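# Breakdown of the fold
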Amino acid sequence: MRLLRLHLPVLGLALLTGLTVPTTASSAAPATPSPTVEERRLDQAVPQEILRRSGFGDTAPEFSRGLEHAHSYAQARRIVVHEGAALWRRAVDRAQGRGPAGGDLSRDDDRPLYWARLGMTREVRTWQPDFGLTERQRSALLDRLERTSRGQTDIRYPARGPSRRVVLTGFDPFTLDRDIRISNPSGATALALDGTVVETAAGPARIETAVFPVRWQDFAEGTVERTLRPYLPEADLFTTVSQGRVGRFDVERTNGAWRGGFPDNDNVSRTETVPVTDPATQPQWTTTTLPYAAVTAAHTGRFPVYDNTQVTEIPAGGSEPAVRPEGPTPGSTARAGGGGDYLSNEIAYRATLLRDRLGLHDTLPGGHVHTPVLQFGAGNTTEVTDPEFVRNRRDIIAQVRAVVAVAVSATERRPG
């Protein structure tokens, strides 16, 4: 996720979705729920082309037909869970070369999953079944669809054996109003590496992945902690991954407890301290426990890898932000971690804070890696893909895999 340290005003509020009033004999029929800002982008030509050229154009229509056969909330929930999980497995299989490609888009493309999921959530959000659906039930269906279609319920490790256990996360595409064609290499990496085994100097490592939305509210509601809490105690290493700077990887040394306000995928802005449970014990900063020295010293691919120590803080007793190239000073207040003040910094902050609150700081290597910005070929301002774009994405995926291998090799296996 590109580093965003802009302090912008609110550009928009999330549309109220799924708000219905139970119908009674004396009440008027409820208004039809509206798609979100994010879902409305589906109607543009580029998303439709991506769905068509990947074979995912049938996903939402088939899902809608399935919902038509649901005559109760319980039936709807079963359909949503099944189809959400099926979408995730279909995207992973496509990325890893299993089954038909479904079209001429490169298999490593993360965008078919993103746009197909939005088609499905839009169906649930606007669905008006005969049996009546409460606001709470609709929200629960959307939550299950989001979690299953992002791999968040699909993290599975075999019984403890010779393989190390690695958890890796990616993100959806973002800044889509700037360029609707955008792909996110971290999401593509998650699809490419899910369930794979990488050979390291310390032995094999099994990687399990999940993808997260670029939405402030989901993070405030605890999607990161809910997904990772069951697995961190059993993991040997974790890394959150997002798109960062042009032409380089960064291992982010320090994460800050601050939201800088840049609009998310629903054009919602948040400028505030990162909201977490038990704020009275919330630190301003968390730190990586990834073996950054080993990772930055190794040759992992064509992009250089840096140990990024810079943060932005309000010094103790001060009132104005100051950039600190060597990291935060004692008693300071966070204004940007090494990974900025957007959701890439926030996922790193939340994951490492969870690690620490679970008592794993000294035993579990974990932190955040920023990939290079995924760029189109020179002069391509309209086409959804090109050879350089595909090459860049594949090289980034391969280098993340190599970074994970180096990190695992440089750490001791956790007992148990």
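Residues numbered from 1 in each chain as written. Predicted model: local features only at pLDDT ≥ 70, side-chain atom pairs only at ≥ 80, totals over all residues. Heavy atoms only, no water.

All right, on to the overall build of the protein chain then. Across its full length, the protein chain carries 12 helices and 14 strands. Taking 416 residues into account, the globule formula puts the C-alpha radius of gyration at 22 Å, and the protein chain, at 21 Å, falls close to it. Its C-alpha atoms give the protein chain principal-axis dimensions of about 65 × 50 × 50 Å. Put simply, the protein chain has 416 residues, and 55% of those count as buried. (Helix = DSSP H or I, 4+ residues; strand = E, 2+ residues; numbered from the N terminus. Rg over C-alpha atoms; globule rule 2.2 N^0.38 Å. Buried < 20%, exposed > 50% of the residue type's maximum accessible area, 1.4 Å probe, protein only.)

What helix α2 (residues 45-52) keeps buried is the set V46, P47, I50 and L51. All buried residues of α2 project into a common sector of 135° when viewed along the axis, lining one side. Away from its buried face, by an angle of more than 90 degrees, α2 presents the exposed residues A45 and R52. Residues of α2 that are buried sit in contact with α5 (111-126). (Arc of directions from axis to C-beta. Contact = heavy atoms within 4.5 Å.)

Summed over the entire model, instances satisfying the criterion amount to nine aromatic pairs. Both rings, one in W127 and one in F131, keep their centres 5.8 Å apart while their planes meet at 75°; by these two values the pair is edge-to-face. Their ring planes at 40° and their centres at 6.0 Å tell us that F174 and Y342 sit as a pair that is tilted. Residue F174 is located in the loop between β1 (164-171) and α7 (185-193), and its partner Y342 is located in the loop between β13 (333-336) and α11 (343-357); the two are separated by 168 residues in the primary sequence. Accessibility assignment for this pair places F174 and Y342 in one class, buried. Pairwise contacts between aromatic rings join F174, W216, F262 and Y342 into one cluster. In this structure, R253 is placed above the aromatic ring of Y292, and the distance from its NZ or CZ to the ring centre is 3.9 Å. Here the guanidinium or amino end of R335 rests over the ring plane of W258, the centre of that ring lying 3.7 Å away. (Phe/Tyr/Trp six-rings, centres within 6.5 Å; stacked < 30°, edge-to-face > 60°. Lys NZ or Arg CZ within 6 Å of the ring centre and 35° of its normal.)

If you look at the biggest cluster of nonpolar residues, it comprises 60 residues, and the most contacted ones within it are W115, V124, L168 and V404. A per-element tally of this core places helix α12 (residues 387-409) first, with eight residues. In this structure L168 touches T189, A190, L193, I207, E208, T209, A210, T239, V241, V400 and V404, once residues within four positions along its chain are discounted. By size, the runner-up hydrophobic cluster in this structure holds 23 residues, among which are V224, L232, A235 and I347. (Core = buried A, V, L, I, M, F, W, Y, C linked by side-chain atoms within 4.5 Å.)

The interhelical angle for the contact between helix α4 (residues 73-95) and α5, taken along N-to-C directions, is 170°, at an axis separation of 10 Å. On the basis of their axis angle, the class for α4 and α5 is roughly antiparallel. Contacts between α4 and α5 pair V80, E83, G84, L87, W88 and A91 from the former with L113, A116, R117, M120 and V124 from the latter. Taken together, the residues that form the contact of α4 with α5 break down as eight nonpolar, one polar and two charged. (Axes fitted to C-alpha atoms, helices over the stretch in contact; angles between N-to-C directions. Parallel < 35°, antiparallel > 145°, perpendicular 65-115°, else oblique. Nonpolar A, V, L, I, M, F, W, Y, C, P; charged D, E, K, R; others polar.)

Turning our eyes to something else, we now look at the packing of α5 against helix α6 (residues 135-149). The packing of two helices is summarised by the inter-axis angle and the distance between the axes. Two elements in contact, α5 and α6, have axes separated by 10 Å at closest approach and are oriented at 165°. The orientation of α5 relative to α6 falls into the category roughly antiparallel. Note that α5 runs across α6; the crossing there is right-handed. Each of L113, R117, M120, T121, V124, R125 and T126 in α5 lies in contact with α6, whose residues at this interface are R138, L141, L142, L145, E146 and S149. (Left-handed = near helix turned anticlockwise from the far one by under 90°.)

Here the idea is plain: a probe the size of a water molecule rolls over the atoms and shows the empty space left. One pass over the full model with this rule turns up three cavities of 30 Å³ or more. Quantified by volume, the largest cavity comes out at close to 80 Å³. What lines the largest cavity is L168, L237, T239, V241, V251, L290, V295, V369, V400, V403, V404 and A407. Secondary-structure elements contributing two or more residues to the lining of the largest cavity are β4 (237-243) and α12. Per-element tally for the lining of the largest cavity: the top contributor is α12, with four residues. Its residues assigned to classes, the lining of the largest cavity shows 11 nonpolar, one polar and no charged. (1 Å grid on protein atoms, 1.4 Å probe; cavity = no way out; pocket = protein on both sides within 12 Å on 5 of 7 lines; lining within 4 Å. Points joined across faces, edges and corners; volume = space filled by probe spheres on them.)

In this section: the environment of F212. As for its placement among the helices and strands, F212 is situated in strand β3 (residues 203-212). Sequence separation between F212 and V37 is 175 residues; the distance between their C-alpha atoms is 17 Å. If near-sequence neighbours (up to four positions away) are discounted, F212 is found in contact with R150, Q152, T169, G170, F171, D172, F219, T223, V224, T227 and I347.

Once that is clear, we can look at the confidence of the model for the protein chain. The pLDDT averaged across the protein chain works out to 93; a share of 92% of its residues lies at or above 70. Across residues 4-29 the pLDDT falls below 50, and counting only partners more than four positions away or on other chains, this stretch makes 58 contacts in the model. (pLDDT = per-residue confidence, 0-100.)

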